[in-house]
Amino acid sequence: MAKMEVKTSLLDNMIGVGDMVLLEPLAEESFINNLQKRFDHGEIYTYIGSVVISVNPYRPLPIYSPEKVEEYRNRNFYELRPHIFALSDEAYRSLRDQDKDQCILITGESGAGKTEASKLVMSYVAAVCGKGAEVNQVKEQLLQSNPVLEAFGNAKTVRNDNSSRFGKYMDIEFDFKGDPLGGVISNYLLEKSRVVKQPRGERNFHIFYQILSGGSEEMLQQLKLERDFSRYNYLSLDSAKVNGVDDAANFRTVRNAMQIVGFMDHETQSVFEVVAAVLKLGNIEFKPESRVNGLDESKIKDKNELKEICELTGIDQSVLERAFSFRTVEAKQEKVSTTLNVAQAYYARDALAKNLYSRLFSWLVTRINESIKAQTKVRKKVMGVLDIYGFEIFEDNSFEQFIINYCNEKLQQIFIELTLKEEQEEYIREDIEWTHIEYFNNAIICDLIENNQNGILAMLDEECLRPGVVTDDTFLEKLNQVCATHQHFESRMSKCSRFLNDTSLPHSCFRIQHYAGKVMYQVEGFVDKNNDLLYRDLSQAMWKASHPLIKSLFPEGNPAKINLKRPLTAGSQFKSSVATLMRNLQTKNPNYIRCIKPNDKKAAHVFTEALVCHQVRYLGLLENVRVRRAGYAFRQPYEPCLERYKMLCKQTWPHWRGPARAGVEVLFNDLEIPEEEYSFGRSKIFIRNPRTLFKLEDLRKQRLEDLATLIQKIYRGWKRRTEFLLMKKSQVVIAAWFRRYAQQKRYQQAKSSAIVVQSYIRGWKARKLLRELKHQKRCREAVTTIAAYWHGAQARRELRHLKEAARNKLAIAVIWACWLGFKARRELKRLKEEARRKHAVAVIWAYWLGLKVRREYRKFFRANAGRKIYEFILQKIMQKYFLEMKNKTPSLSPIDKNWPARPYLFLDSTHKELRRIFHLWRCKKYRDGFTDQKKAVYEEKLEASELFKDKKALYPASVGQPFQGAYLEISKNPKYKKLKDAMEEKVIIAEVVNKINRANGKCTARIFLLTKNHVLLADQKSGHIKSELPLEDVTKVSMSSQNDGFFAVHLKEGSGAAGKGDFLFRSDHLIEMATKLYRTTLSQTNQKLSIEISDEFLVQFRQDKVCVKFVRGNQKNGNVPTCKRKNNRLLEVAVP
């Protein structure tokens, strides 16, 4: 029976409705109820077509594990339950396989989970893309950029403990394989006003609290900070501690993340110094003073804080003090210096703190971009992730909310445009008739804000640049003049509100009807926040700092580059940034995540309908559903549609042989679904009404129950028949075994009877044969006894004859010996007489010759007297020299360096040659006295000299030590009996060595045994063999040049002995062990063993290459070298 492949779908086991497009009826109440129902069951994700709605659960859920990542990997978007991983996978696969640049837009109000959603998207993409050292490094840097930006750009608010106070857009760049190459981060509108003032119940940016909580005492002393939060005016005390947040641990995480991203130590220190300077700026206070001319000026109360700030930043104290007290205004060639009163001084202080922190944050983003940017210049694919503030409606809405809501208007505009465009393109692609969709176009609201001629931002910039007295009230008057007739603008003076009985609109406010609802803005602070003015004196003071980072943050302070042109306003800068962002998003395929906050208490399992309804309205979710449902509510490719519903028609069940579209047509015709309820596209079936889809699902559910019943019936029949056949087979087997047992029993009885009969017959025959053999044996014994007596008598007779003959021969020998002795004595006497006569003749002849010589000598004496005397004296001197040398000859030891002094100068060459000859002779005599054993010892010493002399510092100490080899009496020690029995070869060397543990560098005692073919390592206590290394697997021995006993035995890669890697030992007889191992390997394999002497060498420990490094160091335990594993790649040996 063919196995059916089970496929899942979004519609299986659905809680509520997984896709809001299928919601019936579509209304705000049913929309909220469906979200709440899914939220109560832990389903926090819901679709609107390809848009993901994410409801913050405020608790950890087990839906982000690596198993979940693999579950959603390479799956169809609607194949599984709604999940953020499904959208991430769809975007990544479109980028990788279809070469389409992607962007993921994450929106929602503060506390809705936007930051966590962006982290989940990035972590999923990092998990499913390629592997490798470089790819993993890029992924790690991209992920670790988040903790850094969160520390400097996030803060605790009343709505969220980790609220992003800036907008972030990250472009992740991929190569053609889909592996990440790098990224680029853009930031938008950091809420820098939070640096100097925080609303009640909120905190400043995280980094201030993290430094004070997690910094060491030494670090705080360097930064001139104290751990007490109450010491700093810029830190709110009512919310300094947040439940569940460990600022000290987060600070360690931030420092580690900065190191991973690529910040150098001095850069990190510079950043913390700037943060400390900002924190201490808030402690500077001013007091009023009156000048002679009657003008008010300000003075710093306590200059200690100013002094510490100047020490941190490297600014001259007098320069910074003057910048806080005076303001210089330049106009063409004129300079006017005016004093600052106390209010202006506080404004200057706060402006400097805000600008310093804001520019530091921008520098951080730029520095992170330098580290994570793609290093290659090949064509890249891009996935953008936009994590930006959602629509904000507070009790008091100011310039920041106005800018944020403007950005959300632009995002809503592009969302509607791209959604409609996507719908239209799909209809055209599938050849479905396109029907015009009515929807609210918020372009009129965007134009109200951004129009270059009469837009609100243009009016605000014009008012900021206008000479004369400029206040927030004059700006509101200008708005009333220009925008009074606009249908989405309201104020006390506008035409749209003249006939409204709305007393909630104060005089200093205006109201804009956004796509998400009406928002009232207070104009107080609009002009100042848009100007974002920093006095030029402060910029120039910052530029004069010796601190390189601070100096780089204020390039406009350079006197050589003074620009009298007014800088761009904050509104203009943000408008330009939003325009750039919109152009960037329009070039990419969009993917949307709409985040919703279920309650204001940040509590789990709490769903506040009013709050969610408010967010659904301003996110435009119902509008989105209506746009998606304006044509067809559901569409699905033919193949999965036929696979899901084929059991509803007999013609398509169980297998359809034709094209999938034809099968779907047959299926829908058989089910009699009205033709106006569906349309056939090129590759998809389009269903107009969700009721039709739910009807199909109900029919499928009923059909599945029928099929399940049928399968159960067939299975039960098969099970009973299988049981019957098994019982029948068992009965046949039992009967066969019984018949076999009965026959075996009868056979055994017959066999035992035959054996008994045979045994009786064999016994009778054996006894008969025994009697015959005994009779024959007695006959043979009688014959033998008679023969023995006869031979004895004959032998005794012969012995008597031999003894008589021997006595006769002895007498003859004695007589003959006496005769021979007499003859010898007589001959000896004769020879002695003859010798005496010959000696007398010789003496006489010698005297005669001497006489003749003397006569001849007298004749020639005068002619050769000098030469003869010289030769005679020389001969006597030589004779005396040699006789003295005979008495002064040194010992026969070859190492004896003594030699008698030279008596005469002319004997110098003779004296040296004689010394050389004598040394060669005594060396030969010494060698001749060697036994074979001693000769082998000296050959080993000679080999050790060639290997280690002038190379190993340990060698000179080993010269005088004899090579014993067997330092352990294995044969005599009963403890090693098992070890002795296990060895079949002769032991060349046996010694206790210290084996170095590969993991931590600690020593373990082992017995080192060297035989002709193997190296054995055994336990010192039990004698049990731990390792057996064939000599042909030993490739090299490595050691240092220093005075230690460490050596490494390298094994052949791939051999059976090299499973755990090379061995590292320490021995007190290193020279002897290395020499014997070298000679034994050479004799057995005819190959010279490589001896490497270096203070750094590599060993193979399992799969890792580890560097063994020898360094000089003071030892705690005397002069014993110590070994320590530093990390995965380094093992350090400290040598005294």
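Residues numbered from 1 in each chain as written. Predicted model: local features only at pLDDT ≥ 70, side-chain atom pairs only at ≥ 80, totals over all residues. Heavy atoms only, no water.

1. A word on the environment of S1090
Then, number 1: Looking at the element boundaries, S1090 is found in strand β27 (residues 1090-1093).
Then, number 2: With relative accessibility at 36%, the residue S1090 sits in the partly exposed group.
Then, number 3: The spatial distance from the C-alpha of S1090 to the C-alpha of K1036 is 4.8 Å, given a sequence separation of 54 residues.
Then, number 4: Among residues more than four places away in sequence, those in contact with S1090 are T1035, K1036 and V1037. (Helix = DSSP H or I, 4+ residues; strand = E, 2+ residues; numbered from the N terminus. Buried < 20%, exposed > 50% of the residue type's maximum accessible area, 1.4 Å probe, protein only. Contact = heavy atoms within 4.5 Å.)

2. Examining the sheet that holds strand β15 (residues 517-522)
Then, number 1: Within the open sheet, the three strands sit side by side as β13-β14-β15. Their pairing is antiparallel. Bordering the open sheet on either side are β13 (489-491) and β15, each of which pairs with just one other strand. Direction aside, the axes of adjacent strands within the sheet are offset by 25 degrees on average.
Then, number 2: Across three bridges, β13 lies against strand β14 (residues 509-514) in antiparallel orientation. Note that in β14 the partner of F489 across the bridge is I512.
Then, number 3: Of the strands in this sheet, β13 and β14 are in contact with helix α14 (residues 443-450), which crosses β14 at around 150 degrees. (Pairing = 2+ DSSP bridges. Axes fitted to C-alpha atoms, helices over the stretch in contact; angles between N-to-C directions.)

3. Thoughts on the packing of helix α4 (residues 114-128) against helix α5 (residues 133-153)
Then, number 1: The interhelical angle for the contact between α4 and α5, taken along N-to-C directions, is 165 degrees, at an axis separation of 10 Å. One finds that α4 runs roughly antiparallel with respect to α5. Of the two possible hands of crossing, α4 and α5 adopt the one that is left-handed. Counting all contacts with α4, which are made through T115, K119, M122, S123 and A126, the residues of α5 involved are K139, L142, L143, N146 and E150. (Parallel < 35°, antiparallel > 145°, perpendicular 65-115°, else oblique. Left-handed = near helix turned anticlockwise from the far one by under 90°.)

4. Details of helix α8 (residues 247-261)
Then, number 1: Look at α8: 20 Å from first C-alpha to last across 15 residues, which is about the 21 Å you get at 1.5 Å a residue.
Then, number 2: Of all the residues in α8, the buried ones are D247, A248, F251, V254, A257, M258 and V261.
Then, number 3: Next to the buried residues of α8 lie α5, α6 (206-214), α7 (217-222), α9 (265-281) and α12 (342-372).
Then, number 4: The N-cap residue of α8 is D246: its side-chain oxygen and the backbone nitrogen of A248 are 3.2 Å apart.
Then, number 5: One or two positions beyond α8, positive phi appears at G262, with a value near 125 degrees. (Expected span 1.5 Å × (residues − 1). Polar contact = N/O pair within 3.5 Å; in protein donor to acceptor, adjacent residues only side chain to side chain.)

5. Quick word on unusual backbone geometry
Then, number 1: Backbone torsion omega between E24 and P25 reads -5 degrees, so that peptide bond is classified as cis.
Then, number 2: Here Y58, not a glycine, exhibits a phi torsion of approximately 55 degrees, which is positive.
Then, number 3: As for its position among the elements, Y58 is in the loop between β2 (51-55) and α2 (66-72).
Then, number 4: For Y58, a relative accessible area of 21% gives the class partly exposed.
Then, number 5: The backbone of N1086 shows a phi angle near 60 degrees, a positive value even though the residue is not glycine.

6. Some words on the packing of aromatic side chains
Then, number 1: Taken as a whole and judged by the stated rule, the model has 31 aromatic pairs.
Then, number 2: Ring centres 5.5 Å apart and planes at 35 degrees place the aromatic pair F1047 and F1065 in the tilted group. Remark: F1065 occurs in strand β26 (residues 1063-1066) and F1047 occurs in strand β25 (residues 1046-1051); sequence separation between them is 18 residues.
Then, number 3: Judged by relative accessible area, F1065 falls into the buried class, the value being 1%.
Then, number 4: Put simply, the rings of F399, F402, F475, F489, F510, Y521 and F526 touch in pairs and so form one group of aromatic residues.
Then, number 5: Here K551 stacks its cationic end above the ring of W543, 4.5 Å away from the centre of that ring.
Then, number 6: Here R998 stacks its cationic end above the ring of F1063, 4.8 Å away from the centre of that ring. (Phe/Tyr/Trp six-rings, centres within 6.5 Å; stacked < 30°, edge-to-face > 60°. Lys NZ or Arg CZ within 6 Å of the ring centre and 35° of its normal.)

7. Thoughts on the nonpolar core
Then, number 1: Membership of the largest hydrophobic core comes to 111 residues, with the highest contact counts inside it found for F152, F208, L320 and F324.
Then, number 2: Residue contributions to this core peak at 13 residues, all from α12.
Then, number 3: When near neighbours in sequence (up to four residues on either side) are disregarded, F208 contacts L235, V275, V278, L279 and Y357.
Then, number 4: Ranked by size, the runner-up nonpolar core spans 72 residues in total, among them L476, F510, V616 and V625. (Core = buried A, V, L, I, M, F, W, Y, C linked by side-chain atoms within 4.5 Å.)

8. Details of the confidence of the model for the protein chain
Then, number 1: This prediction gives the protein chain a mean pLDDT of 83; 93% of its residues lie at or above 70.
Then, number 2: Across residues 1-7, confidence stays below pLDDT 50; counting only partners more than four residues off in sequence or on other chains, it has four contacts.
Then, number 3: Ignoring residues within four places in sequence, the model shows residues 497-501, a span with pLDDT below 50, making five contacts including any to other chains. (pLDDT = per-residue confidence, 0-100.)

9. Things to note about the pairing of β14
On a regular strand, each side chain points to the face opposite its neighbour's, so the side chains alternate between the two faces of the sheet.
Then, number 1: Judged by how many residues are buried, β14 sits mostly within the fold: five of six residues are covered.
Then, number 2: Where β14 and β15 come together, six bridges link them in antiparallel fashion. Bridging from a neighbouring strand, F510 pairs with Y521 of β15.

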